[in-house]
Amino acid sequence: TTPLDAWNSSGAAGLRRRVALLGAALLAACPLPIFVSMQLLSDVPALVWTTGALLCAWRARTRVAWAWVAGGVFAVAVLIRPTNALALVPLAIVLGKNWGRWRRTGLAGLPFAIALGLYNRAAYGHPLRFGYGAIGEAFGLEYLGVTLVHYLTWLPVLLAGVGVLAPAILWVRGVKWTWRAALVAWVVVLTGFYAVYPFTFQDWWGLRFVLPAFPAMIVAALLVGQSWLGRWRETTQRVVLAGTAVWCVAWGAVWSSSLRSLRTGSDERMYVNATDWVRAELPEGAVIFGGQMSGSLHYYTKFVTVNWGFATPEDSAKIVRGARADGRAVYAMLFPFEEAMLQERPMPGAWQPAGRLKHITLWKLADAAGR
């Protein structure tokens, strides 16, 4: 083959190499993976391992030994984040109806599943119980509308406008049926699952939960764009691809700066500042209810800290009674989004504003005399 043949060769999903490189540039310049890569978060590893599982499953269609790899990679993806089990839907589409591929994939993943079940049982009391607490109670259909608006607002921004082409994968010609179905399934299943999760729409970085579906969105969009490019002359195609690559990188740079994707260190300093603040201002022995701040308060202060999100109203009332019996002052330290949630799940008593550090507010529970 000539260098030009290699440059024009197609990968697993049918993308030509030059178009695939554009997709890599788009993902690399996206503010969201940059932002979460600056922290110890599971989102980028979840993206890598779920994408790897689908690619290995595709290779198993021509060489069945790859099914063993697909099973192991998929198992690691689930270990990284349990909701990556949703990738079983597109994985099943790619594996197809071949029993040999399914058997090898399942056997490769079985040891990981057993190990995870044993760990969960030892740590949380049940093989299917994870360290997220009663997270299922947080989901609700009432979040669907606002999350869909959030998707429509931020996905085009994070994918440099190119992502808006992705839905057209349903109609464009020349795309392999298996990849069309797998890409659509992975995007729909993951975004649909997190569309009823209350933290997805809280801020732009809440879309980190659906980050593993970004490669599917990008590939779908590029397959659509590639089908249109094929109608033009070679020179025009090169110009369009080069211009789009420059656009994606420039767009990502501008938005990464605007969204402070690379400023995690300085921005997260607020947790240190907030704990220094309460150590200086609050009386010794105080009890502090918190959510987002609960970890910092627990590790960096000697106050009694309660994560109000995991305490039932009955638990909260019992803690307040005990604190008052011991003569302890009771406070709450909240982020803006927690103030709204506090109205839905109120803690007992009358709360009075006690201070503010930037967007973090401190509240004091009034005693029996209203102080």
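### Brief notes about the packing of helix α4 (residues 43-59) against helix α5 (residues 66-80)
No. 1: One way to put it is that α4 packs onto α5 with a least axis distance of 8 Å and a crossing angle of 160°. By the angle between their directions, the pair α4 and α5 is classed as roughly antiparallel. Regarding α4 and α5, the two cross each other, and that crossing is left-handed. The residues of α5 that touch α4, namely those facing Pro45, Ala46, Trp49, Thr50, Gly52, Ala53, Cys56, Ala57 and Arg59, are Trp66, Val69, Ala70, Val73, Phe74, Val76, Ala77 and Ile80.
No. 2: Of the residues contributing to the contact of α4 with α5, the split by class is 14 nonpolar, two polar and one charged.

### A word on a nonpolar patch on the surface
No. 1: A surface patch of nonpolar side chains, amounting to about 560 Å² of accessible area, comprises Trp68, Val69, Leu107, Leu110, Ile114 and Leu118.
No. 2: When contributions to the nonpolar patch are tallied by element, the ones reaching two or more residues are α5 and α7 (99-124).
No. 3: A per-element tally of the nonpolar patch places α7 first, with four residues.
No. 4: Among the structural elements, leucine 107 can be located in helix α7.

### Regarding the packing of aromatic side chains
No. 1: One pass over the full model with this rule turns up 17 aromatic pairs.
No. 2: Plain terms: the ring middles of tyrosine 194 and phenylalanine 209 are 5.4 Å apart, the flat faces sit at 20° to each other, and that makes the pair stacked. Here phenylalanine 209 lies in the loop between α9 (177-194) and α10 (214-229) and tyrosine 194 lies in helix α9, a separation of 15 residues in the sequence.
No. 3: Here phenylalanine 209 falls in the buried class, since its relative accessible area comes to 12%.
No. 4: Members of the aromatic cluster, connected to one another through ring pairs, are Phe35, Trp154, Trp204, Trp247, Trp251 and Trp255.
No. 5: Positioned above the aromatic ring of tryptophan 66, the side-chain terminus of arginine 59 is 5.0 Å from the ring centre.

### A word on the environment of threonine 305
No. 1: Within the secondary structure, threonine 305 is located in strand β2 (residues 304-307).
No. 2: Linking threonine 305 and tyrosine 331, residues 26 residues apart in sequence, is a C-alpha distance of 9.6 Å.
No. 3: Residues within four places of threonine 305 in sequence aside, it is in contact with Ile288, Ser294, Leu297 and His298.

### Looking at the nonpolar core
No. 1: One finds Leu32, Leu158, Leu207 and Phe214 to be the most contacted residues of the largest nonpolar core, which totals 64 residues.
No. 2: A total of 11 residues in this core trace back to one element, the largest contributor, which is α10.
No. 3: Setting aside residues up to four positions removed in sequence, phenylalanine 214 forms contacts with Leu27, Cys30, Leu32, Leu155, Leu158 and Leu159.
No. 4: Counting residues in hydrophobic clusters, the runner-up holds 16 residues, among them Tyr271, Ala274, Trp277 and Ile360.

### Some words on the sheet that holds β2
No. 1: The strand order β2-β1-β3-β5-β4 describes an open sheet built from five strands, whose pairing is mixed. Each of the sheet's edge strands pairs with one partner strand only, and the pair in question is β2 and β4 (351-357). Each adjacent strand pair in this sheet contributes to an overall mean axis angle of 25°, direction not counted.
No. 2: Bridge count between strand β1 (residues 287-290) and strand β3 (residues 330-334): four bridges; the pairing is parallel. Residue pairing in the sheet places valine 287 in a bridge with valine 330 of β3.
No. 3: Running at roughly 125° to β4, helix α13 (residues 269-281) makes contact with β3, β4 and β5 (360-365) of the sheet.

Each value, and the rule that gives it
Residues numbered from 1 in each chain as written. Predicted model: local features only at pLDDT ≥ 70, side-chain atom pairs only at ≥ 80, totals over all residues. Heavy atoms only, no water. Axes fitted to C-alpha atoms, helices over the stretch in contact; angles between N-to-C directions. Helix = DSSP H or I, 4+ residues; strand = E, 2+ residues; numbered from the N terminus. Parallel < 35°, antiparallel > 145°, perpendicular 65-115°, else oblique. Left-handed = near helix turned anticlockwise from the far one by under 90°. Contact = heavy atoms within 4.5 Å. Nonpolar A, V, L, I, M, F, W, Y, C, P; charged D, E, K, R; others polar. Patch = residues over 30% accessible without salt bridge, like charges linked within 9 Å, V, L, I, M, F, W, Y side chains within 5 Å. Areas by Shrake-Rupley, 256 points an atom, 1.4 Å probe, with all protein chains shown as cover. Salt bridge = Lys/Arg side-chain N within 4 Å of Asp/Glu carboxyl O. Phe/Tyr/Trp six-rings, centres within 6.5 Å; stacked < 30°, edge-to-face > 60°. Buried < 20%, exposed > 50% of the residue type's maximum accessible area, 1.4 Å probe, protein only. Lys NZ or Arg CZ within 6 Å of the ring centre and 35° of its normal. Core = buried A, V, L, I, M, F, W, Y, C linked by side-chain atoms within 4.5 Å. Pairing = 2+ DSSP bridges.

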